[in-house]
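A look at the structure
For reference, the chains in residue letters:
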2 protein chains.
Amino acid sequence: MATMSDIARRAGVALSTVSYTLSGKRPISEEARQKVYQAMEELGYQPNFLARALVTKRTKIIALLYPSYTLSSGQQEFVTSIAEMATTHGYALLLWTSPSENLEVMNMTHQGFIDGVILMEVALHDARVDLLREQNLPFTLIGRCENNEGLSFVDLDFDNAVETTIDYLRASGHTHIGLINQSEAMLKREVGYVVRARTAFYRAIQHHGLSGVDSCCDESEQAGYETVMRLFEQDPELSAFVLLTPWPSGGVLRAISDKGLRVPEDTSLVAIFSPRMAEMTTPALSSIEFPFNEMGRLGAQMLIQKLEGKEEEKAAQILLKPPLTVRRSSGPRA
Amino acid sequence: MATMSDIARRAGVALSTVSYTLSGKRPISEEARQKVYQAMEELGYQPNFLARALVTKRTKIIALLYPSYTLSSGQQEFVTSIAEMATTHGYALLLWTSPSENLEVMNMTHQGFIDGVILMEVALHDARVDLLREQNLPFTLIGRCENNEGLSFVDLDFDNAVETTIDYLRASGHTHIGLINQSEAMLKREVGYVVRARTAFYRAIQHHGLSGVDSCCDESEQAGYETVMRLFEQDPELSAFVLLTPWPSGGVLRAISDKGLRVPEDTSLVAIFSPRMAEMTTPALSSIEFPFNEMGRLGAQMLIQKLEGKEEEKAAQILLKPPLTVRRSSGPRA
DNA sequence: ATTCTTCGTCGAAGCGCTTCGCTAAAGTCT
DNA sequence: AGACTTTAGCGAAGCGCTTCGACGAAGAAT
């Protein structure tokens, strides 16, 4: 690999001249510029970003920090839109796992490699936030904590989403509603939207004088089946379900069908996840249009602005309220 | 941020002594070791990986290189398993996009930042392979080219998968079969499995004296619907479809249903993609069990072995032949 | 007692780049 | 013509680390 000093020698100029021709931070004569470019061409020069980063303290890498080894269903969909936004702005995306039980790792790893961080699966009380603050690393959240003072985040307004859903179901004549939430593990970790969805669910139920039950559900077809069966045992009069995780959907439908019920005539289903997922089932699921792409893009954009712009802008806090799209899985109670 | 020289000063030892205590590459007295650790503690020292990498020429970062901005359906599922394997071995994963029409980007970006590369959506003739070779960057493929001499790859044996599928359908009495392939764009780019699936399809059709039609299909419900309708126009006697992309599945089922046909009584469906996706539809799709996790893990492992081990092991070439799982979407022709 | 080995430590070079301060040469102004 | 600015380019310092060679002080061997 040719280095700058190779170029300098070959072009017959000083090392710094080469650097300045590349960066354009000082005027360079046309003549020198030509010689430098030619030398670069001949030697197949490629700048070493590591060396540059060591000096400039900027790597143009941002990290996507998620707590477990495997991303939970929804979170995966953020990745590409974040990566796209990052790439567009000349940043690369580093996937960074920190098992939430061992934050030590976060300390040691990648010091200096990362310009900023996007936090996923944010918990109500998230130790990572404190750590990041302490380390003085710029970061934004996709999701939010309980106390969000001074934090930049983009999140879906789950309270609103659940309320909208319950309103809609109530208006369709449903009085006994089940909530099928994310996994037990995520609830235990107090991941923001999981807790919020649950709370909002019971608040809305109570507010309208309805009757509701909820359950966590793992990310598999079978779990969906079992969860529905269990909920029906708790309340045989259930006529509607709200789904927060896509993978169990098939099992949910199977269980309802096994119960001798039809969707949407007897039982209504409303999903709060990616529309692409909602359209895979038969019948297609009515759903709150979870704007993964927009959220990912916004999160990345907010971070990049922090990195590029003047440090002290106010923390941007964005709460999206996507509409409900009615598909084939819901309707008036027969 | 405290640096090594801060530690050295505080501990009253030489800079190099600090370095050696950390790396253990030379013996250090217990006494010195203690002083160093204490100083590190007091100053909250964290090593700067950038500086280290500049010297050692290793960043412990591997890149996942994909050709477009957005990952196509299947590819997404590799990401987490690769990330997991990488993390386990102390590597981080960088998401790296190179629009296939502009490989220049690959040259300039991230020189020095990347120890090795995993290539996704490999085309039969893939310019990126040449480039990577030229740059002397270690890499492995998930997928494969036409000529794979000297390449390390892990791929699903699509020829075998398609043959197995056609065999099964034929044995079930189906004689007119449709193939619903990935998008036109991917076929045009000659992405390996897209081309191979198509070729293998017609080879198997011909071999058994069946009749077959194929079509590309974009990644949406609507596209699935339209594709099926189009294929039925080409051959009204179709009684089975092979699916290579999950998102259109809902639309495929809807179209079949609109035609007044039932699955599986009238029409059989077999998928070649992730079982999780196959279980979302109703009825759940029979499918070749695409081993995303295993492939991702193997791909990452192969690369890491290259990076860690002796340079010159033979290129590992792994071709997986997963079995067909029959679910509810297929059966004997009525 | 003298030489030969280890052992623990130190200083300095160097990875490939950016950037600062300086200096000639050339251009501008009275 | 002299003083003053501007322009283009040079050399050197330094980013934070690894690693090499050297060197006293012990301990082992003769």
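Residues numbered from 1 in each chain as written. Chains lettered and ligands numbered in written order. Predicted model: local features only at pLDDT ≥ 70, side-chain atom pairs only at ≥ 80, totals over all residues. Heavy atoms only, no water.

Naming follows an unreviewed UniProt entry, where chain A appears as LacI family transcriptional regulator of Dictyobacter arantiisoli.

1. With respect to the relation of the copies chain B and chain A
Mapping chain B onto chain A is achieved by rotating through 180 degrees and translating by 0.0 Å along the same axis, at an RMSD of 0.1 Å. Expressed as a symmetry operation, the mapping of one chain copy onto the other fits a two-fold axis. (Least-squares fit on C-alpha atoms with pLDDT ≥ 70 in both.)

2. Considering the pattern of salt bridges
Counted under the stated rule, the structure contains 34 salt bridges over all chains. The partner of Arg327(B) in a salt bridge is Glu289(B), and the shortest N-O contact between them spans 3.1 Å. Residue Arg327(B) is located in the segment after strand 12 (324-325), and its partner Glu289(B) is located in strand 10 (residues 286-289); the two are separated by 38 residues in the primary sequence. Just as Arg327(B) is buried, Glu289(B) falls in that class too. Taken together, the shared-partner salt bridges connect Asp159(A), Glu163(A) and Arg203(A) into one network. (Salt bridge = Lys/Arg side-chain N within 4 Å of Asp/Glu carboxyl O. Helix = DSSP H or I, 4+ residues; strand = E, 2+ residues; numbered from the N terminus. Buried < 20%, exposed > 50% of the residue type's maximum accessible area, 1.4 Å probe, protein only.)

3. Side note on the protein's contact with DNA strand C
Close to DNA strand C lie 28 residues; Met4(A), Arg26(A), Tyr45(A), Thr17(B) and Ser29(B) are nearest. Close to the protein, within 4 Å, the atoms of DNA strand C are drawn from sugar and phosphate at a rate of 58%. Backbone polar atom of Asn48(A) to a phosphate oxygen of DNA strand C: 3.0 Å apart, as the coordinates give it. Elements that contribute at least two residues to the surface near DNA strand C include exactly helix 2 (15-23) and helix 4 (49-56) of chain A together with helix 2 (15-23) and helix 4 (49-56) of chain B. When residues of the surface near DNA strand C are assigned to their parent elements, the largest contribution, 5 residues, is made by helix 4 of chain A. Of the residues contributing to the surface near DNA strand C, the split by class is 15 nonpolar, 8 polar and 5 charged. (Near = heavy atom within 4 Å. Polar contact = N/O pair within 3.5 Å; in protein donor to acceptor, adjacent residues only side chain to side chain. Nonpolar A, V, L, I, M, F, W, Y, C, P; charged D, E, K, R; others polar.)

4. Section: the side chain of Ser330(A)
All names here are of chain A. When you line up the elements, Ser330 lands in the segment after strand 12 (324-325). Among the residues examined, Ser330 registers a relative accessible area of 8% and is labelled buried. A distance of 2.6 Å separates a polar atom in the side chain of Ser330 from a polar atom in the side chain of Ser286. Non-local contacts of Ser330, meaning those with residues more than four positions away in its chain, are made with Tyr168, Pro264, Ser268, Leu269, Val270 and Ser286. (Contact = heavy atoms within 4.5 Å.)

5. Examining the packing of aromatic side chains
One pair of aromatic rings is described through two measures. These are the centre distance and the angle between the planes. Across all of its chains, the model carries 15 aromatic pairs over all chains by this definition. Between Phe158(A) and Phe290(A), the aromatic rings sit 5.9 Å apart at their centres with planes inclined by 65 degrees, giving edge-to-face as the arrangement. With a gap of 132 residues between them, Phe158(A) in helix 8 (residues 158-171) and Phe290(A) in the loop between strand 10 (286-289) and helix 14 (292-308) connect regions that are remote in the sequence. In terms of burial, Phe158(A) and Phe290(A) fall into one category: buried. An angle of 10 degrees between the planes, with centres 4.3 Å apart, marks the rings of Phe290(A) and Phe292(A) as stacked. Linked through ring pairs, Phe78(A), Phe158(A), Tyr193(A), Phe290(A) and Phe292(A) together constitute an aromatic cluster. Lying across the ring of Trp247(B), Arg276(A) places its NZ or CZ 4.1 Å from the centre. (Phe/Tyr/Trp six-rings, centres within 6.5 Å; stacked < 30°, edge-to-face > 60°. Lys NZ or Arg CZ within 6 Å of the ring centre and 35° of its normal.)

6. Looking at the sheet that holds strand 10 of chain A
Strands belonging to one sheet form pairs held by backbone hydrogen bonds; the direction of such a pair is parallel or antiparallel. Residues and elements named next belong to chain A. Pairing is mixed in the open sheet, where 6 strands are placed in the order 7-6-8-9-10-12. In the strand order of this sheet, the two ends are held by strand 7 (211-216) and strand 12, each with one partner. In the packing of helix 8 onto the sheet, contacts are made with strand 6 (176-181), strand 8 (240-243), strand 9 (268-273), strand 10 and strand 12, and the angle to strand 9 comes to roughly 165 degrees. Across the sheet, helix 12 (residues 249-258) touches strand 6, strand 8 and strand 9, and the angle it forms with strand 9 is around 170 degrees. (Pairing = 2+ DSSP bridges. Axes fitted to C-alpha atoms, helices over the stretch in contact; angles between N-to-C directions.)

7. Concerning the UniProt feature "domain: HTH lacI-type" (unreviewed entry) in chain A
What UniProt calls "domain: HTH lacI-type" (unreviewed entry) maps, in this numbering, to residues 2-56 of chain A. Here residues 2-56 of chain A runs as 71% helix and 0% strand, with 21 Å between its end C-alpha atoms. (UniProt positions renumbered as here; feature names shortened; annotations may be inferred.)

8. Re the protein's contact with DNA strand D
Within the structure, DNA strand D sits among 28 residues, and Thr17(A), Ser29(A), Met4(B), Arg26(B) and Tyr45(B) are positioned closest to it. The sugar and phosphate moieties of DNA strand D supply 57% of its atoms located within 4 Å of the protein. The separation between a base oxygen of DNA strand D and a polar side-chain atom of Arg26(B) is 2.3 Å. Separating a phosphate oxygen of DNA strand D from a side-chain N or O atom of Arg52(B) is a distance of 3.1 Å. Listed by contribution, the elements that provide at least two residues to the surface near DNA strand D are helix 2 and helix 4 of chain A together with helix 2 and helix 4 of chain B. If you tally residues by element for the surface near DNA strand D, the top one is helix 4 of chain B, at 5 residues.

9. Looking at the interface of chain B and chain A
Each partner contributes to the interface: chain B provides 48 residues, whereas chain A provides 48 residues. Put simply, chain B and chain A have 2 salt bridges between them. The partner of Arg276(B) in a salt bridge is Glu219(A), with the nearest N and O atoms 3.9 Å apart. Remark: the boundary between chain B and chain A carries 2 residue pairs in polar contact (both at pLDDT 80 or more). It is helix 5 (residues 73-88) of chain B that contributes the most residues to the side of chain B that touches chain A, 7 residues altogether.

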